[in-house]
Amino acid sequence: MISLLPQFVVTGLLTGSVYALVAVSIVLVFKATRIFNFAVGELLALGGYFCYSFVVWFHFPLWLALLGALMMAVVTGCLVERLVLRPLLSQPLLTIIMATLALGVLLRGLMLMVWTGYDVAFPKNLLPGKTVVVGDVAMSHELLWAGAIALTSFAALAYFFMKTQTGLRMRAVSEDHELSMACGINITVVFAVTWVLAVILGTLAGSLMGYRLSLAPSYTPLLALKAFPAVIFGGLESMTGALVGGLMVGLIEAVVGGLIDPNLGEISAYVLLLIVLFIRPEGLFGLKRIERI
Amino acid sequence: MWRPCGTFDDTYEKDMTIIRTPAEWVLTVAGLVALCLLPVVLGGGMITTLNLIGISAVSIMGLHVLTGLTGQISLGHGAFMGVGAYAMMMMMNLLGFSFWLAMPLAVLTSGLVGLFFGLPSLRIKGFYLAMATLAAQFIIPWAIVNIRPDLTGGTSTLTVEAPSLFGFAFSSQQRIFYFVMPFAVLSIILTRNLQRSKIGRAFVAIRDNDLAAEIMGVEIFRYKLLSFFICSLYAGLAGCLLVVWMGATNVDSFMLHESIWYLGMIIVGGLGSVPGAIFGVIFIRLLEIVSQSIGPPIAGFFPDALGAALKSGISPFIFGLVILLFLAYEPRGLAHRWEIFKHFYRRWPFSH
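Residues numbered from 1 in each chain as written. Chains lettered and ligands numbered in written order. Predicted model: local features only at pLDDT ≥ 70, side-chain atom pairs only at ≥ 80, totals over all residues.

A.B. asks: Which residues make up the overall build of chain B, and what values do they have?
C.D. replies: The secondary structure content of chain B amounts to 15 helices and 4 strands. The C-alpha radius of gyration of chain B comes to 21 Å, within 12% of the 20 Å expected for a compact globule of 352 residues. For chain B, the C-alpha atoms occupy an extent of roughly 60 × 55 × 50 Å along the three principal directions. Put simply, chain B has 352 residues, and 44% of those count as buried. (Helix = DSSP H or I, 4+ residues; strand = E, 2+ residues; numbered from the N terminus. Rg over C-alpha atoms; globule rule 2.2 N^0.38 Å. Buried ≥ 20, exposed ≤ 12 C-beta atoms within 10 Å, placed from the backbone.)

Here it is as structure tokens:
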């Protein structure tokens, strides 16, 4: 069994990179707007479905379908921000949590209505390449593509935040809403950009996951729930934390699932979440909240 | 607060009563009698729904105490109901306990499990606590399905014998109505009184400002745990009632979406108000029925496959939409509308 460990580590890290995409999407929204997006699972599945529809209904090549799905993500992101979350800014916590949960339920209903409740799978062999074997470790090309796309997105995101004007504005807004307004930043635009970026990341993750497994309104959103422990593990305010957290969750899931029990693998992320909340609630890279009276 | 015209609180007893005037007494008694007669008047389908409303009302009282009064968000309410349901099923089917012994023990089990998942509230609050309860929501059904599927039945449905009292078996929906409703009425009265007691005021103090509450001498951790405990007791009771209602246990009744529906009920009803919570239950359960019944006629306009898809998706779609509309346009819920109506009624014909 133990000789399989390298295999599980590699598979776990590659799967984890997709979880990390979702986790970064959550952190992005949280940093800018203080809203924790529970609807991320449904947004992700919706993105996957858009990609699927472009491939299967309109017979686009995969790259064009992905591009189309990303365009749809821009539209979805703007709509979600404008219609659902802008009226609820600076509302109490429960209102915001409930709003994103309700958005999730609504989107799930929408997906059931448009794409039905049955599994849909992408046609196979859309992605070039085949399984790569290095020593004892076999890596499926789908997972390698997923890892590569995730890494590219993280690099692009890092460049965006460090080197562009909009990125700088977004970092300012995540520090303080009122101060950044006073500096002349249009924060509603920043919020819209944030949501668009978050939905784009979700769409990437949804398309990758959907391509690897298949899509269904009942379980595709559940895959994104793996990202919640990742976010808490890394710390809510930290992009790096989300990245590390996502990889960790993928790793733990694969190793526990492979070496001990596949069923235990499913739940291991949530056991990790409970342990983190007991011991270090602010997470690995998060800010410790200090309360003064 | 506006009081009915002509009633004066000249003693402490009068100040504390809930039912103040003879007219209110008449209405209360008439309401209870009408409740008792409902199964005789109504048909089978409606009774099933009414039973579900009663069970949800018991369950929602727990969430009302935890979220409405204490301000702690629980995303694991469905799972705590599951603990009660499965504990009762296992005690009855495996240990051979009678229903009347198994139910209190199951309720207590659920309370203790809730207490355990409330423990993180010592260190964390708000959003992080919501995550801890979310973890409970995933771990508990997982444990039910995977740890000992030979005992719990895993994902399959196990039947449970209907309870009986002095030879009267609660076997049909009409009879279950008389089993569920006393629990619902008692839970509501109990919660209403709890809210007015020292404990209830401590809960509200924690919700409104936990630091200030601690300085005034409210032991935050103790009361938070107590709140979790009470919430899970109600959830466990509702779980047991649900088993009686279905005559069986099935893990699908205790998943995350159920927890979201329960949170939706107190949002629609209005946080922190017992009548509001009940309005919320009735509103959401009826909405469920309505959205299921408008599905088929709408589906008739479309081709078969699309129609079937519409039918399955319309219920969650409408639920999500209604919650979002309430959050945006009436965040204080139906309870607020009810207060406005009462003010209007009492001051009529004067506008203010």
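Next comes the rest of the write-up.
A.B. asks: Can you break down the packing of helix 6 (residues 165-175) of chain A against helix 8 (residues 187-212) of chain A residue by residue, with the values?
C.D. replies: All names here are of chain A. Taken N-terminus to C-terminus, the directions of helix 6 and helix 8 make an angle of 105°; their axes are 10 Å apart at the nearest point. The angle between helix 6 and helix 8 falls in the class roughly perpendicular. Contacts from Thr166, Arg169, Met170 and Val173 of helix 6 reach helix 8 at Ile187, Val190, Val193 and Thr194. Its residues assigned to classes, the contact of helix 6 with helix 8 shows 5 nonpolar, 2 polar and 1 charged. (Axes fitted to C-alpha atoms, helices over the stretch in contact; angles between N-to-C directions. Parallel < 35°, antiparallel > 145°, perpendicular 65-115°, else oblique. Contact = placed C-beta atoms within 7 Å. Nonpolar A, V, L, I, M, F, W, Y, C, P; charged D, E, K, R; others polar.)

A.B. asks: How would you sum up the environment of Leu208 of chain A? Please name residues and give values.
C.D. replies: Residue and element names in this part refer to chain A. Within the element layout of this structure, Leu208 appears in helix 8. Judged by local crowding, Leu208 falls into the buried class, with 27 C-beta atoms found within 10 Å. Sequence separation between Leu208 and Leu143 is 65 residues, and the spatial gap between their C-alpha atoms is 8.4 Å. Apart from the residues lying within four places of it in its own chain, the contact partners of Leu208 are Val18, Ala146 and Ile149.

A.B. asks: Please set out the confidence of the model for chain A residue by residue, giving values where relevant.
C.D. replies: Parts of the model with low pLDDT should not have their predicted coordinates read in detail. Per-residue confidence for chain A gives a mean pLDDT of 85; residues scoring 70 or more make up 97%. Per-element mean pLDDT across chain A ranges from 76 in strand 1 (residues 132-134) of chain A up to 90 in helix 2 (residues 40-56) of chain A. (pLDDT = per-residue confidence, 0-100.)

A.B. asks: Describe helix 5 (residues 99-118) of chain B, with residues and values.
C.D. replies: Here helix 5 of chain B is 20 residues long and its end C-alpha atoms lie 28 Å apart, about the 28 Å a rise of 1.5 Å per residue gives. Against helix 4 (77-93), helix 6 (127-146) and helix 11 (220-246) of chain B lie the buried residues of helix 5 of chain B. (Expected span 1.5 Å × (residues − 1).)

A.B. asks: Kindly report on the environment of Phe97 of chain B, identifying the contributing residues and their values.
C.D. replies: Within the fold, Phe97 of chain B resides in the loop between helix 4 and helix 5. Filtering out sequence-adjacent residues up to four positions away, Phe97 of chain B remains in contact with Met91, Met92 and Ala102 of chain B.

A.B. asks: Quick one: what's the story with the confidence of the model for chain B, residue by residue and with numbers?
C.D. replies: Averaged over chain B, the pLDDT score is 86; the fraction of residues at 70 or greater is 97%. The ipTM value of the predicted complex is 0.85, and its pTM value is 0.88.

A.B. asks: With reference to specific residues and values, describe helix 12 (residues 262-279) of chain A.
C.D. replies: Between the first and last C-alpha of helix 12 of chain A there are 26 Å, a value that for 18 residues agrees with the 26 Å anticipated at 1.5 Å per step. At Ser268 of chain A, helix 12 of chain A shows its largest kink, close to 40°. Where helix 12 of chain A is buried, its residues contact helix 10 (227-234) and helix 11 (239-259) of chain A together with helix 6 of chain B. (Bend = angle between axes of the 7 residues up to and from the residue.)

A.B. asks: Describe the environment of Gly44 of chain B, listing the residues and the values that go with them.
C.D. replies: Residues and elements named next belong to chain B. For Gly44, the location among the structural elements is in helix 3 (residues 44-69). Gly44 gets classed as exposed once you count the C-beta atoms within 10 Å, which come to 10. Remark: the alpha-carbon pair of Gly44 and Gly300, spanning 256 residues in sequence, is separated by 26 Å.

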